[in-house]
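Reading the structure
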Amino acid sequence: GAEGGAGVGGGGRCGGGGDGAAMAVAASSPRVDFFSAVVSDLAEAQDVSAGTSSYSAHVRSCARALEAAGAHGASALVLLDEPGASTEPAEGAAVAQALIEELLARGARLVATTHASPLKLLALRDTRLQVGCGTSSVP
């Protein structure tokens with residue numbers, strides 16, 4: 001099996017062999033939302049052919065996320081994998097925190113994964129955020 005995690009501070013992976021993988025989600029009142037805009041910023045988004053660094057690729061993704069949140073509000077979904085990565089950790093966490101706070105202020109729905117302690121603490125302090133973490137066994 002593999003470990004799985006979700007949300008700010010999840011820090012895990014969900015995966016399996018070539019036959020696929022799944023993770024069960026327990027919810028007291030399940031629902032499915034539809035979004036007008038979905039923007040993602042995944043770790044290691046470096047584009048060597050375009051001559052861009054990982055950090056500059058993250059900055060461009062953040063700009064797209066802010067634009068989508070401004071245009072679509074609650075119907076925008078933003079997926080962030082290790083926001084603020086690819087730079088000095090304290091500065092990266094500060095940039096990521098500012099991004100997360102602005103996305104939430106614009107009404108976007110947000111899913112983020114992080115190993116950065118300042119972002120984990122933000123999630124514990126800010127009532128707009130929920131911390132999701134745990135493990136799941138994948139056959």
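Residues numbered from 1 in each chain as written. Predicted model: local features only at pLDDT ≥ 70, side-chain atom pairs only at ≥ 80, totals over all residues. Heavy atoms only, no water.

The next thing to look at is the overall build of the protein. Looking only at helices and strands, the protein features three helices and three strands. Taken from N to C terminus, the helices and strands of the protein fall in the order β-α-β-α-β-α. By the burial criterion, 29% of the 139 residues in the protein qualify as buried. Expressed as a percentage of contacts within the protein between residues at least 6 apart in sequence, the contacts between residues at least 24 apart total 67%. Summed over all atoms, the accessible surface of the protein reaches about 8300 Å², with 55% contributed by carbon and sulfur. (Helix = DSSP H or I, 4+ residues; strand = E, 2+ residues; numbered from the N terminus. Buried < 20%, exposed > 50% of the residue type's maximum accessible area, 1.4 Å probe, protein only. Contact = heavy atoms within 4.5 Å. Areas by Shrake-Rupley, 256 points an atom, 1.4 Å probe, with all protein chains shown as cover.)

In this section: the sheet that holds strand β1 (residues 37–41). Think of a sheet as strands paired side by side through backbone hydrogen bonds, with each pair either parallel or antiparallel. The strand order across the open sheet formed by three strands is β1-β2-β3, and the pairing between neighbours is parallel. Two strands close off the open sheet at either side, each with one partner strand: β1 and β3 (109–113). Averaged over all neighbouring strand pairs, the angle between strand axes comes to 10 degrees, with direction disregarded. Where β1 lies against strand β2 (residues 76–81), five bridges are found, and the strand directions are parallel. When the sheet's bridge partners are listed, S40 is paired in β2 with L79. Packing of helix α1 (residues 54–72) onto the sheet brings it into contact with β1 and β2, and relative to β1 it is tilted by some 160 degrees. (Pairing = 2+ DSSP bridges. Axes fitted to C-alpha atoms, helices over the stretch in contact; angles between N-to-C directions.)

Time to look at unusual backbone geometry. Phi at E82 takes a positive value of approximately 55 degrees, unusual for a residue other than glycine. Secondary-structure assignment places E82 in the loop between β2 and α2 (89–105). A positive phi is found at S86, a non-glycine position, where the angle reads about 70 degrees. With respect to the helices, strands and loops of the structure, S86 is situated in the loop between β2 and α2.

We now examine the pattern of salt bridges. This structure, assessed with the given rule, holds three salt bridges. As a salt-bridge pair, D33 and R109 come within 2.8 Å of each other at their nearest N and O atoms. With D33 in the segment before β1 and R109 in strand β3, this pair connects stretches of sequence that are 76 residues apart. The partner of E102 in a salt bridge is R106, and the shortest N-O contact between them spans 2.7 Å. (Salt bridge = Lys/Arg side-chain N within 4 Å of Asp/Glu carboxyl O.)

Turning to the environment of P89, a few remarks are in order. Positionally, P89 belongs in helix α2. Using a relative accessible area of 62% as the deciding quantity, one classes P89 as exposed.

Turning next to the nonpolar core. Membership of the largest hydrophobic core comes to 20 residues, with the highest contact counts inside it found for V78, L80, I100, L103, A108 and L129. Of all the secondary-structure elements, those providing two or more residues to this core are β1, α1, β2, α2 and α3 (117–125). In terms of residue count, α2 provides more of this core than any other element does, five residues in total. With sequence-adjacent residues up to four places away left out, A108 is seen in contact with A69, G73, A76, V78 and L103. (Core = buried A, V, L, I, M, F, W, Y, C linked by side-chain atoms within 4.5 Å.)

A few words now on the confidence of the model for the protein. Mean pLDDT over the protein works out to 78, with 69% of the residues at or above the 70 mark. Averaged over each element, pLDDT in the protein is lowest for α1 (92) and highest for α2 (96). When the criterion is pLDDT under 50, residues 135–139 qualifies, and its contacts beyond four places in sequence or with other chains add up to 14 contacts. (pLDDT = per-residue confidence, 0-100.)

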